[in-house]
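Geometric and topological summary
Here is what each chain is made of, one letter per residue.
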Amino acid sequence: MAKPAPPTPQDFDDKPLAGWRLRLYTIIFEADTRAGRWFDKALIALILVSIAVVMADSVQAIHASHGRAFAVVEWIFTLLFTAEYIARLVCVRKPLQYATSFFGIIDLVAVLPTYLALFFPELHALIDVRVLRLLRVFRIFKLAAYVAEYQSLGRALAASGRKILVFLSAVVMMVLVMGTVMYVVEGPSNGFTSIPTSVYWAISTVTTVGFGDITPKTDLGRLISSFMMLLGWGILAVPTGIVTAEMAAERRLQHLALPTTRTCHECLTEGHLPEADFCFHCGAKLPPYQHQGQHQDGKTEPSQAP
């Protein structure tokens, strides 16, 4: 009798979570249980150590003396991140949805460079190996999935996106106008050889960077540039105020309703209230809330501390 093939993520696609898949899902995607918090802490430490190894390996003197050890450690990290990625695909209801999500792509990018260098050695002739090492640094983005403050900042940026876009469009119009004016005032003889070059100068001036490669020579040009420098101070404060206001609103909402890491099995949206019955994003029915002090079957553990 033929031995059955091992299960693949496709075999679990769109099936209800139960048993070991539910336990694994709660540990990996939620952090309100003791196991979930330990998993997140261990993964954060693993990410930081792997980034430190990549950075140390980029130092030629260290690479020359410890290159082989770094290669072994890198493979250990790659195998651990690969196991984590497969576990995530297996325990979610819709593996393809997770694989194509932002964090799913980050998880894939975290392990892909090492395998590319192994199975396609000819890439080294076309792409410098340092590019593959650089891709491993993208593991740092995995931290955003485990630190609540990153997610709070992301929600604040998303909420202020339209305001910032309108603000940036106004700034673009201003630098286009001022760059064109400086092109007329200064002219090619003073370095303002074209309108795009003048706009580049206007951007560096408004942002108070001032590279100094192009400077106005006429009195009128200096007066205009002085006005733009002073205006730049006020311009830089606007997006900061917009994002700060959204972060303050986000903080007030968190005080009113204490969200958790409770995650919807259908759309993987996080942050549902403990008493919520349905997902606030897709409307799917939520499973019972599991947290520290409670077994996976819902029984309370009286001996565990909060």
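Note that residues are indexed from 1 along each chain, following the sequence as it is written. Owing to the predicted nature of the model, reporting of local features is limited to residues with pLDDT of at least 70; listing and counting of side-chain atom pairs is limited to 80 or more, with chain, interface and lining totals taken over all residues. Working from all heavy atoms in the structure, the side-chain values ignore hydrogens and water.

This part is about the overall build of the protein chain. Tallying secondary structure elements over the protein chain gives 11 helices and zero strands in all. Secondary structure elements are defined from DSSP: runs of H or I of at least 4 residues count as helices, runs of E of at least 2 residues count as strands, and each element is numbered from the N terminus. Scanning the protein chain from its N terminus toward the C terminus, one meets helices and strands in the order α-α-α-α-α-α-α-α-α-α-α. Looking at the protein chain as a whole, 36% of its 306 residues are labelled buried. Any pair of residues with heavy atoms lying within 4.5 Å of one another is described as a contacting pair. A fraction of 59% describes how many contacts in the protein chain between residues 6 or more apart in sequence connect residues 24 or more apart. The accessible surface values rely on the Shrake-Rupley method and a 1.4 Å probe; as for residues, cover is taken only from the protein chains in view. Total accessible area computed for the protein chain in this model is approximately 18200 Å², and 71% of it derives from carbon and sulfur atoms. Three exposure classes are used, based on accessible area relative to the maximum for each residue type with a 1.4 Å probe and protein chains only: buried under 20%, partly exposed in between, and exposed over 50%.

Moving on, we come to the confidence of the model for the protein chain. Scored by pLDDT, the protein chain comes out at a mean of 77, with 76% of its residues at no less than 70. The score called pLDDT rates the predictor's confidence residue by residue, from a low of 0 to a high of 100. When pLDDT is averaged over each element of the protein chain, helix α10 (residues 195-206) comes out on top at 91 and helix α6 (residues 123-126) at the bottom at 45. A low-confidence stretch, residues 124-130 (pLDDT under 50), is modelled with three contacts involving residues beyond four sequence positions or located in other chains. Under a pLDDT of 50 for its full length, residues 295-306 has, in the predicted model, 17 contacts with residues more than four places off or in other chains.

This part takes up the environment of Val90. Residue placement: Val90 occurs in helix α3 (residues 60-91). When the C-alpha positions of Val90 and Tyr25 are compared, they lie 8.9 Å apart, and in sequence the two are 65 residues distant.

Salt bridge, as applied in this entry: a Lys or Arg side-chain nitrogen positioned within 4 Å of an Asp or Glu carboxyl oxygen. Across all of its chains, the model carries four salt bridges by this definition. Across the pair Glu84 and Arg88 runs a salt bridge, and its minimum N-O distance is 2.7 Å. One end of the pair is Glu84 and the other is Arg88, both in helix α3 and four residues apart, which spans about a single turn.

A few words on the packing of α3 against helix α5 (residues 102-119). Orientation is described by lines fitted to C-alpha atoms, with helices fitted over the stretch in contact, and by angles between N-to-C directions that extend from 0 to 180 degrees. Relative to each other, α3 and α5 sit at 135 degrees, their axes nearing to 9 Å. Of the possible angle classes, the one that applies to α3 and α5 is oblique. Considering how the two elements wind past one another, α3 and α5 form a crossing that is left-handed. Along its contact with α3, which presents Glu74, Trp75, Thr78, Leu79, Phe81, Thr82, Glu84, Tyr85 and Arg88, the element α5 presents Gly104, Asp107, Leu108, Val111, Thr114, Tyr115 and Leu118. Classifying every residue of the contact of α3 with α5 gives eight nonpolar, four polar and four charged. Should an angle fall under 35 degrees it is called roughly parallel, over 145 degrees roughly antiparallel, and 65 to 115 degrees roughly perpendicular, with every other angle called oblique. With the far helix as reference, a near helix turned anticlockwise by less than a right angle produces a left-handed crossing, and one turned clockwise produces a right-handed crossing. The classification used treats Ala, Val, Leu, Ile, Met, Phe, Trp, Tyr, Cys and Pro as nonpolar, Asp, Glu, Lys and Arg as charged, and all other residues, Gly among them, as polar.

Attention now moves to helix α9 (residues 161-185). For a helix, the expected span equals 1.5 Å multiplied by the residue count minus one. Relative to the 36 Å expected for 25 residues at 1.5 Å per residue, α9 spans 36 Å between its end C-alpha atoms, a close match to the ideal helical length. All of the buried residues in α9 are Ile164, Phe167, Val171, Met174, Val175, Met178, Gly179 and Met182. One or two residues past the end of α9 sits Gly187, with phi positive at roughly 85 degrees.

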